[in-house]
Structures are given as structure tokens and as C-alpha cells.
Amino acid sequence: MSAAAAGAAAELVGVTKRYGGARPAVDGVDLRIEEGEFFSILGPSGCGKTTSLRMLGGFVRPDEGEIRLGGASVDGVPPHKRNVNTVFQSYALFGHLSVADNVGFGLRRRKVRGEEMRRRVDEMLRVVSLAERRGAMPSELSGGQQQRVALARALVNMPELLLLDEPLGALDLKLRRQMQVELKQIQREVGIAFAYVTHDQEEALTMSDRIAVMNDGKVLQVDTPTTIYNNPASLFVAQFIGSTNALEGSGDGATVQLACGARLVAPAPGTGVADGPLTACVRPEKVILSPAGDDAPGAVTGTVVESVYVGSGTTYKVDVNATSIEVLEANDSGAAAAIPVGSRVRVGWRPEDCLIFDGNGKAAGRCAEDGTKVPQPTRSRNWI
Ligand code: ADP
Ligand code: MG
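Quick summary incoming for the structure in this document. (Residues numbered from 1 in each chain as written. Chains lettered and ligands numbered in written order. Predicted model: local features only at pLDDT ≥ 70, side-chain atom pairs only at ≥ 80, totals over all residues. Heavy atoms only, no water.)

## Topic: the overall build of the chain
Now for step 1: When you go through the chain residue by residue, the secondary structure sums to eight helices and 21 strands.
Now for step 2: Looking at the chain as a whole, 49% of its 384 residues are labelled buried.
Now for step 3: Taking contacts inside the chain between residues at least 6 apart in sequence as the whole, the part at least 24 apart equals 68%.
Now for step 4: Summing over all exposed atoms, the chain offers an accessible surface of approximately 17400 Å²; the carbon and sulfur share of this is 50%. (Helix = DSSP H or I, 4+ residues; strand = E, 2+ residues; numbered from the N terminus. Buried < 20%, exposed > 50% of the residue type's maximum accessible area, 1.4 Å probe, protein only. Contact = heavy atoms within 4.5 Å. Areas by Shrake-Rupley, 256 points an atom, 1.4 Å probe, with all protein chains shown as cover.)

What follows is the structure in C-alpha cells.
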């Protein structure tokens, strides 16, 4: 990596791309991908992920703003003159060339030959765990192996940045999970910055050093997986990453009244909970259930309407004053028996697990104090 890079492998600075539709496909985006970083661009279909990636690769030219690679503007620089490679969902391997020749293809074009070529191809085949298959033809390989060949072929030139556009999308779920872990290991080993596009939030959480969440051509939040999950900056991000109970309510500056009946103490003044409509978000794994028999005044109670054993835990749907609340109880060693459908339960959560979003969907803090009379998670329970 050149010293001129000054820390950033790639940057989009105020970048807008219009294809002629009502709204720009990419709308004033600023992104900075650090050297050696696994950076994911995550968002729903059509939000502008591929367009952003193609501008980095030089396949699409921005209407406004600047693309920089290694600190320098690459305006007008064609794809093959950028120190960037791309891995697509369709592996596009050469069917008439062996695994080793596929991987060495780019080197041959760069006039790398003989022992040097063999050494670099073998090294890359070792990185992707295909050393034993160097003589095989692509048709003899599984989908996952073919994708690893495509990856080795893209990495063998040691580009400064690798662009990956939903590369695991064609694989079945189990193989995809395995490849997610492998890809991350490979990325660490080669130390090349990855710009990874996916619409799969779990995939982004699993692999990334940082994630940019996009919607409607705009970047909504850029942060580590933990921060994106625990401190989403907007209601959109809270709902797009993982699952959450988005509970409607309204605030008067001091208290929050939810439609399900819970009264909460609003986040500290000045954090933005105005008078008016708001949404409180609690993740299913943060909801605590206990028997309704020991009701405290102000406690919120409901009825279990669905109970599904999922192995690692049990998910419940609890009807609380016509609001459906999802709950995930982990199947840990102390777990009690599943709560039968029809049981009356107390529903609560710790104040720090409840995020408030204002009427515009902007994060406005956590409830300062618990208003739901959070029940103690009990392990021996008599359901009524
Ligand atoms: P994503 O990869 O997030 O699904 P894209 O970047 O492919 O999103 O597309 C963003 C928007 O731009 C979409 O509305 C899409 O229909 C539009 N778009 C993408 N490519 C083209 C193109 N070549 N011509 C016209 N519109 C396009
Ligand atoms: Mg796309």
C-alpha cells in the first residue's frame, strides 16, 4: 500500500449518481473505507449499493462528487487502470482453464511468468484452501469452491481494494454461513480492504469491521456491527438490522405512553423526545416475561398467543392490549419450561434496552427509568 493512501483505501466524497429516475440512485454519499478494512454496504434492494460499488470500480461515473483511491482522485480513470478488482455473484470462471490457470490469468496479463507466477498462484490457492485442486477444471468444483477460485483470481494481483457485490447470494444457506467465516479469515490474512455489498443484515454483522447502512440512495449510519445493532441512529436502521418490537406511543416531554399500555419515563430532557408521536423499540431478546399473578401496580400484562421452540430458544408472541410483542427467550442451562399458549404474563424490559425514536424516526435516547415495573426473570414459574 502506498504512503500516499494516508489511511483511506477508498473514499466517496459528496457523490451523486442519477440514472434519470425521479430520485438519484446515489444521493450525496460520503464514505471512507480504511486500509485493510472489511467494509460492508448494507441496505434493501434498489437503495444504491451496486451503483456505489460500480463507481469505486470505475464502471459508472458520478454526476457529482469525487471518488478517491489511495488518497487520489480517480476521475476519468478506467476500471483496468484502477488498483481495484471485483468479485461478482456469478463467478465467471474460464471453463476451459484449470483452477491454477484461472487464478494466474490476471498475472499472465501483467507479464508475470514462470516460477514467480507459480509461487503466487500456489500461495493464493493455499489462502483459499484449494491447494489440492490446482489442476481441476471449474466444472469439477462445487459452487463454494468455484467462488473461492474467483476470489483467489481477484486477490492474486494484490489490489488495494476488492469489490464484492453479493458474492455469496447464489449459495445455499449453510454454505453461505461457512463462506462468510472463511471470507473474513481470508480478508484478514491478505490484509486487503474489502468493500462488500449485501442486503443480508446477518451477513454484514458477521463479517464486517464497519457497516454503512443505506436507504433511498443515502447513507443512514456508518459504524461497527455492535454499535449499529445496539445504538441504531434511526428507526429504519433499528428495524432493518435484526428484529425489534416497534411500539407506537406518544410523549409529553417527561413521560412516554405506549399504545400497549406501558408508561415509561422519557429520556433526559433535551434528548429530543418532543410532545407528540414516537416509537419505542425493544429487541425480542430483551423482553422479560414473568407470571402475571404477582402484578405490581402499573405492570403491563398480556396473553401468550404463540409459542415456537427454535432449538436455541423459544419465541413467543404476546398480545398486550391489541399490540403484538415478540419475545425470544434463550434456551440457556437455567431455562424454565416453555410458557403455554394462553398464559397471562407480565411483560417488561430494562430501561436501557428501550430506545426511543421521535416522530421523524430519529434516535432520541433511552428511557431514563423503567416504567414497566420490569419483572425479575424467574426460572421456576407457575403460568396461569
Ligand atoms: P442495489 O444494488 O442497492 O439494489 P442499485 O445501485 O442497483 O441498487 O440501484 C439503485 C437504483 O438505481 C434503483 O432504483 C435501480 O433501479 C436504478 N438503476 C441501477 N442501475 C441502473 C441503470 N443502469 N439504469 C437505470 N437505472 C438504474
Ligand atoms: Mg445490487
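## Here we look at the packing of helix α2 (residues 99-109) against helix α3 (residues 114-127)
Now for step 1: Where α2 meets α3, the axes come as close as 9 Å, and the angle between the chain directions of the two elements is 125 degrees. By the angle between their directions, the pair α2 and α3 is classed as oblique. Crossing geometry of α2 relative to α3 is assigned as right-handed. Across from Val 99, Ala 100, Val 103, Gly 104, Leu 107 and Arg 108 in α2, the residues of α3 making contact are Met 117, Arg 120, Val 121, Met 124 and Leu 125.
Now for step 2: The residue makeup of the contact of α2 with α3, split by class, is eight nonpolar, one polar and two charged. (Axes fitted to C-alpha atoms, helices over the stretch in contact; angles between N-to-C directions. Parallel < 35°, antiparallel > 145°, perpendicular 65-115°, else oblique. Left-handed = near helix turned anticlockwise from the far one by under 90°. Nonpolar A, V, L, I, M, F, W, Y, C, P; charged D, E, K, R; others polar.)

## Considerations on the site of ligand 1
Now for step 1: Inspection of the region around ligand 1 gives Tyr 19, Ala 25, Pro 44, Ser 45, Gly 46, Cys 47, Gly 48, Lys 49, Thr 50 and Thr 51 as its neighbouring residues.
Now for step 2: One of the backbone nitrogen or oxygen atoms of Gly 46 is found 2.6 Å away from an oxygen atom of ligand 1.
Now for step 3: Take Cys 47: an N or O atom from its main chain is 3.2 Å from an oxygen atom of ligand 1.
Now for step 4: Relative to its free-state accessible area of 560 Å², ligand 1 is covered by the protein chains to the extent of 53%.
Now for step 5: When the residues that make up the shell around ligand 1 are grouped by side-chain class, the tally is four nonpolar, five polar and one charged. (Near = heavy atom within 4 Å. Polar contact = N/O pair within 3.5 Å; in protein donor to acceptor, adjacent residues only side chain to side chain.)

## Remarks on the nonpolar core
Now for step 1: With 37 residues, the main nonpolar core has Leu 151, Leu 155 and Leu 162 as its most contacted residues.
Now for step 2: Those elements that place two or more of their residues in this core are α2, α3, α4 (143-155), β7 (161-165), α5 (173-190) and β8 (193-198).
Now for step 3: Examining the composition of this core, we find that six residues originate from one element, α4, more than from any other.
Now for step 4: Formed by 27 residues, the second largest nonpolar core is a distinct cluster that contains Leu 258, Val 282, Tyr 316 and Val 347. (Core = buried A, V, L, I, M, F, W, Y, C linked by side-chain atoms within 4.5 Å.)

## Overview of α5
Now for step 1: Under the 1.5 Å per step criterion, the end-to-end length of α5 is 25 Å for 18 residues, consistent within 8% with the ideal 26 Å.
Now for step 2: Taken together, the buried positions of α5 are occupied by Arg 176, Met 179, Gln 180, Glu 182, Leu 183, Lys 184, Ile 186, Gln 187 and Val 190.
Now for step 3: Buried residues along α5 sit against β3 (38-42), α3, α4, β7, β8 and α6 (201-207).
Now for step 4: In the stretch just after α5, Gly 191 is the one whose phi turns positive, near 70 degrees. (Expected span 1.5 Å × (residues − 1).)

## Quick word on the pattern of salt bridges
Now for step 1: With the rule as written, the count across this model stands at 22 salt bridges.
Now for step 2: One salt bridge connects Arg 32 with Glu 11, and the closest N-O pair in it is separated by 3.8 Å. Taken as a pair, Arg 32 in strand β2 (residues 26-34) and Glu 11 in strand β1 (residues 8-17) lie far apart in primary sequence, 21 residues in all.
Now for step 3: Looking at Glu 11, the relative accessible area reads 12%, which means it is buried.
Now for step 4: The partner of Glu 34 in a salt bridge is Arg 32, with the nearest N and O atoms 2.8 Å apart.
Now for step 5: In this structure Glu 34 comes out as partly exposed when scored by relative accessible area, which is 26%. (Salt bridge = Lys/Arg side-chain N within 4 Å of Asp/Glu carboxyl O.)

## Concerning the sheet that holds strand β5 (residues 72-73)
Now for step 1: Taken in spatial order, the four strands line up as β2-β1-β4-β5 in an open sheet, and their pairing is antiparallel. Every interior strand has two partners, whereas the edge strands, β2 and β5, have only one.
Now for step 2: Bridge count between β1 and β2: six bridges; the pairing is antiparallel. Bridge pairing in β2 links Glu 11 to Arg 32.
Now for step 3: In the packing of helix α1 (residues 49-57) onto the sheet, contacts are made with β1, β2 and β4 (64-69), and the angle to β1 comes to roughly 120 degrees. (Pairing = 2+ DSSP bridges.)

## Here's the deal with a nonpolar patch on the surface
Now for step 1: A cluster of nonpolar side chains, namely Val 308, Val 310 and Leu 328, defines an oily patch on the protein surface of about 200 Å² accessible area.
Now for step 2: Checked against the element boundaries, Val 308 lands in strand β16 (residues 300-309).
Now for step 3: Its relative accessible area of 33% is what places Val 308 among the partly exposed residues. (Patch = residues over 30% accessible without salt bridge, like charges linked within 9 Å, V, L, I, M, F, W, Y side chains within 5 Å.)

## With respect to the side chain of Gln 180
Now for step 1: Residue placement: Gln 180 occurs in helix α5.
Now for step 2: When near neighbours in sequence (up to four residues on either side) are disregarded, Gln 180 contacts Leu 168, Glu 203, Thr 206 and Met 207.

Spatial relationships are all this shows, so hold off on functional conclusions.
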